[in-house]
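Topology and contacts: notes
Listed below, chain by chain, are the residues.
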Amino acid sequence: MCYPQDGAEPDVLLRNADAALQAARQAGGDTLVRYSESLNAQAGLRLDQEAQLRHAVQRKELELHYQPQQSLSHGGLIGFEALIRWRRGGELVSPGHFIPMAEESGLIVSIGEWVLEEVCRQLSVWQADSGRKLVVAVNISPRQFAAPGFLPHIEALLASTHIDPSCIELEITEGVMMEDAESAIVLLQRLRALGLRLSIDDFGTGYSSLAYLSRFPIDKLKIDQSFVRNMGTVKQQSAIVQATIGLGHSLGMTVIAEGVETEAQRALLQGWQCDEIQGYHYSKPLPARAALNFLQGSMQLRAA
């Protein structure tokens, strides 16, 4: 900021400085953004989008799609991952656009609570319709994991819905757990004591300590799609995927690979004894009704 070019009055100067600060944050932080008048317009647009997102739950604009997950041992469906979508004005807004905004503004906490509530409701419906027990994985954001009300909300939700806790898998990134590892271990142990399943999402993309990893009460490692994408052609990626599978198994964990799009990728992972896969090769994310149809179809295949 330059005084007085970028604002002679204190309140104007502060407003313009905030616009530049927000632009720097959106650029990833640790960078310099020079103020310009266009930043105020961008800031105004962002505030408008935040206001719309704030009311998205009440307006029933949020919905969940469910991506099937496949066992590589028997080839059948073992569960789904719940993925949030925002349908604004009839059009789907990219999660890559509104999730960072929700995280930064703090709205992700209330949105995350809604996701858990909706997953429990949907599980009740599916189990009543199909008679089958299955697992639904839910992404837990860094801000949601750190919120004081996170554990009490889950405890109250399980008590009110009577959902089997082992049907819910919480996906938490390794970076979140490493920020305050000792506190994370305590919270994970309390979540595990409730009967919930726990997994590390996007494993290998952030910093992790193997010493801490052995202490985390984790059921599953999820290999990030960035490693899966080129594992057939890039030797280093192949080595990372195989090492992760071996590490997970040595620690008594299940290993799932995401972003599997081809039969060749599936075959490699099966040969390396990966346990589960998720991706477009098996199925794209599906709306709830289509996911139920997929579930019923998989039951018919197993019965045949």
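Owing to the predicted nature of the structure, the values given are computational and were not obtained by experimental measurement. (Residues numbered from 1 in each chain as written. Predicted model: local features only at pLDDT ≥ 70, side-chain atom pairs only at ≥ 80, totals over all residues. Heavy atoms only, no water.)

A few words now on the state of the cysteines. In the structure shown here, the tally under the stated rule is zero disulfides. Looking at the unpaired Cys167, the closest cysteine sulfur is the one in Cys120, lying at 9.6 Å. Among the residues examined, Cys167 registers a relative accessible area of 1% and is labelled buried. (Disulfide = S-S within 2.5 Å. Buried < 20%, exposed > 50% of the residue type's maximum accessible area, 1.4 Å probe, protein only.)

For the rest of this paragraph, the subject is the pattern of salt bridges. According to the stated counting rule, one finds 10 salt bridges in the structure shown. Note that Glu169 is salt-bridged to Arg197, the shortest N-O span being 3.6 Å. A residue pair is termed long-range when its members are at least 10 positions apart, and Glu169 in strand S5 (residues 168-173) and Arg197 in strand S6 (residues 197-203) qualify at 28 residues. For Glu169, a relative accessible area of 1% puts it in the buried group. The partner of Glu276 in a salt bridge is Lys220, and the shortest N-O contact between them spans 2.8 Å. Of this pair, Glu276 sits in strand S9 (residues 276-278) while Lys220 is found in strand S7 (residues 220-223), placing the two residues 56 residues apart along the sequence. One exposure class covers both Glu276 and Lys220, and it is buried. If you follow the salt bridges from partner to partner, you end up with Glu169, Arg197, Lys220 and Glu276 in one network. (Salt bridge = Lys/Arg side-chain N within 4 Å of Asp/Glu carboxyl O. Helix = DSSP H or I, 4+ residues; strand = E, 2+ residues; numbered from the N terminus.)

What follows concerns the side chain of Gln237. If you trace the backbone, Gln237 turns up in helix H11 (residues 235-250). Not counting the four nearest positions on each side in its chain, Gln237 is found in contact with Ser226, Phe227, Asn230 and Met231. (Contact = heavy atoms within 4.5 Å.)

What follows concerns the pairing of strand S4 (residues 135-139). When you tally the buried positions in S4, you get four out of five residues, the bulk of the element. The pairing of strand S2 (residues 77-88) with S4 spans four bridges and is classified as parallel. Pairing of Gly79 across the sheet is with Val135, part of S4. Pairing analysis gives four bridges linking S4 to S5, with the strands arranged parallel. Along S5, the bridge assignment pairs Val138 with Leu170. (Pairing = 2+ DSSP bridges.)

Moving on: the nonpolar core. The biggest cluster of nonpolar side chains holds 61 residues, and the ones touching the most others in it are Leu53, Phe145, Phe150, Leu170, Leu188 and Leu191. It is helix H4 (residues 107-130) that provides the largest number of residues to this core, a total of 10 residues. (Core = buried A, V, L, I, M, F, W, Y, C linked by side-chain atoms within 4.5 Å.)

As a further point, take the confidence of the model for the protein chain. Residues at a pLDDT of 70 or more form 81% of the protein chain, whose mean pLDDT is 84. Looking at the elements of the protein chain, mean pLDDT is at its lowest for helix H1 (residues 10-26), recorded as 51, and at its highest for S9, recorded as 97. (pLDDT = per-residue confidence, 0-100.)

With that settled, the discussion passes to the pairing of S6. Burial runs high along S6: five of the seven residues are buried. Pairing geometry for S5 and S6, over five bridges, is parallel. Bridge pairing in S6 places Glu169 opposite Arg197. Pairing geometry for S6 and S7, over three bridges, is parallel. Considered in S7, the bridge of Ile200 is made with Leu221.

Turning to its location among the elements, Glu179 is positioned in helix H7 (residues 174-179). Taking the C-alpha atoms as reference points, Glu179 and Pro142, separated by 37 residues in sequence, lie 9.8 Å from one another.

As a packed pair, helix H3 (residues 95-105) and H4 sit with axes 5 Å apart at the nearest point and diverge in direction by 115°. In terms of orientation, H3 and H4 fall into the roughly perpendicular class. Counting all contacts with H3, which are made through Ile99, Ala102, Glu103 and Ser105, the residues of H4 involved are Leu107, Ile108 and Ile111. Of the residues that constitute the contact of H3 with H4, the class distribution is five nonpolar, one polar and one charged. (Axes fitted to C-alpha atoms, helices over the stretch in contact; angles between N-to-C directions. Parallel < 35°, antiparallel > 145°, perpendicular 65-115°, else oblique. Nonpolar A, V, L, I, M, F, W, Y, C, P; charged D, E, K, R; others polar.)

The next point concerns the packing of H4 against helix H6 (residues 150-161). Where H4 contacts H6, the axes come no closer than 11 Å and their chain directions differ by 20°. With respect to each other, H4 and H6 are oriented roughly parallel. Crossing geometry of H4 relative to H6 is assigned as right-handed. The residues of H6 that touch H4, namely those facing Glu113, Leu116, Glu117 and Cys120, are Phe150, His153, Ile154, Leu157 and Thr161. Taken together, the residues of the contact of H4 with H6 break down into five nonpolar, two polar and two charged. (Left-handed = near helix turned anticlockwise from the far one by under 90°.)

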